[in-house]
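Examination of the molecular architecture
Now for the letters of each chain:
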Amino acid sequence: MATEIILGIESSCDDTGIAVLKASPTKTKTNFEILANELSSQTKLHEQYGGVFPAMAKREHAKNIVPLFIAALENSKLLKKRKKIKEIDPKVLKKLTKLLEREAEMVSVIVDFVQTYETPKIDKIAVTSGPGLEPTLWVGINFARALGFLFDIPVIPTNHMEGHILSVAIPEAKTFSISSESFQFPLISLLVSGGHTELVLVKDIGKYTLIGATRDDAAGEAFDKVARMMDFPYPGGPKISQLAHEGRTTLAFSEFSFPRPMIHSSDFDFSFSGLKTAVLYTIRDMGGTLSDSRKKDLSREFEDAVVDVLVVKTLKAVQKYKASSVVVGGGVSANLWLRSELLRRGKEFNPNLKIHFPTLMLSRDNALMITLAGYLKSLRIKKFPRTIKAEGNLKL
Ligand code: KG4
Ligand code: ZN
């Protein structure tokens, strides 16, 4: 039960993340110390195009990942300059060049790092291997493999969605622990982001069963598309949520009424494209532009519809699987109306039901959740995989 230092790498979409976590297991729990959690967001770049373009995102990750890694080591106090520059062995350089064949621009910065700095004291590397955009996932994976080779340490392929589930265990504080009491199993996890809307039955850490998913748009995607219809920049989810809040506090009743797709279906699937189309037709019927007050009203009714469906289906899953707790993760878990409605209706449904949300910082994509998920996975698996590949549709 040795203390270990884990480096985590996230590059599944438009955020590059590097985190460093120190794990110290004891007989009853594991104590964690967050040494670094660095994030570089590409939102500003993609904003002007109204979405994420994989090739452009890949280039940004490749540009940012090494400087972010160095910043993370510096903050972790793991960065030590060599007394004199180390010459790199031609064989090592050859292997490194092969590993980074598709990210050739990263070779010289990594070589520079190895020549300048001593090998940092890291025991394992966790990297997101999916789901996500394959071109961007490859940047993180190939960087992880390069470091694994240079430092001679294992690399653990980590599922991004497992990261979102476990993100609720990480508080704002620098230190925290995980024990058998941290989660109450079985639990239902609602994962809501720009790319996913899923309900997962969790029997234990590492034991996941997908019980429902969206058949078309993800919840975050629907928020972003509705924002776009009102000419707000990508990703517009937070803006819609803010307008909805203003609508709720200033307008007595709503002029609009939108459908709650699949709210009473017998399964746990979702569908948000019909709702999105209903919003589109409403805006079109009003001549294409809306007053500020109507924008608030429409945002409120739209948010009500999405949250209604998410809450009803989550609680239905809790009932069916006799779950003791609910864990919400992903970008849309930052939505304050979702938080308050799930808490309110969850308590009404069962006062003992525990409902966990990540901190607002960890709702969005980040490397810290990947580091934690990867570390816990490394304790479960018998052997580290020899090869890792990007899997855009990786399942839990
Ligand atoms: O998990 P995430 O950062 O990236 C993905 O893996 O997709 O989620 C981003 C999504 C975007 O669609 C964004 O609009 C949405 O989460 N989002 C929100 C809120 N904050 C972020 N949607 C509704 N309300 C919010 N407050
Ligand atoms: Zn995500």
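Residues numbered from 1 in each chain as written. Chains lettered and ligands numbered in written order. Predicted model: local features only at pLDDT ≥ 70, side-chain atom pairs only at ≥ 80, totals over all residues. Heavy atoms only, no water.

To continue, consider the coordination of the zinc ion (ligand 2). Here the zinc ion (ligand 2) is held by His160 (NE2), His164 (NE2) and Asp365 (OD), and the distances to it run 2.1 to 2.2 Å. Its 4 donor atoms give the zinc ion (ligand 2) angles of 90 to 152° at the centre, a pattern that matches the irregular case. For the zinc ion (ligand 2), all donor residues lie on one chain, and their spacing in sequence is H-x3-H-x200-D. Within this pair, whereas His164 is found in helix H6 (residues 160-166), its partner Asp365 is found in the loop between helix H12 (360-363) and helix H13 (368-380), the two being separated by 201 residues in sequence. (Donors = N, O, S within 2.8 Å, 3.2 Å for Na, K, Ca; no water. Tetrahedral: all angles 85-135°; square planar, octahedral: opposite > 155°, others 65-115°. Helix = DSSP H or I, 4+ residues; strand = E, 2+ residues; numbered from the N terminus.)

Backbone-to-backbone hydrogen bonds join strands into a sheet, with any given pair of strands oriented parallel or antiparallel. Strands sit in the order E9-E8-E7-E10-E11 across an open sheet of 5 strands; the sheet is mixed. The two strands at the open ends of the sheet, each matched to only one other strand, are strand E9 (207-213) and strand E11 (354-356). The mean inter-strand angle of the sheet, taken between neighbouring strand axes irrespective of direction, is 20°. Sheet topology note: the strand E8 (residues 197-204)/E9 ladder contains 6 bridges and is antiparallel. Bridge pairing links Val202 to Tyr208 in E9. In the packing of helix H10 (residues 292-320) onto the sheet, contacts are made with strand E7 (187-192), E8, E9 and strand E10 (325-329), and the angle to E7 comes to roughly 155°. (Pairing = 2+ DSSP bridges. Axes fitted to C-alpha atoms, helices over the stretch in contact; angles between N-to-C directions. Contact = heavy atoms within 4.5 Å.)

Within the open sheet, the 6 strands sit side by side as E5-E4-E1-E2-E3-E6. Their pairing is mixed. The open sheet has two free edges, formed respectively by strand E5 (155-159) and strand E6 (175-179), since each of these has just one partner strand. Neighbouring strand axes in the sheet, compared pairwise and without regard to direction, differ in orientation by 30° on average. Pairing of strand E1 (residues 4-10) with strand E2 (residues 15-25), which is carried by 7 bridges, proceeds in the antiparallel orientation. Bridge pairing links Gly8 to Ala19 in E2. This element, helix H2 (residues 54-75), spans E1, E2 and strand E3 (29-41) of the sheet and lies at about 30° to E2.

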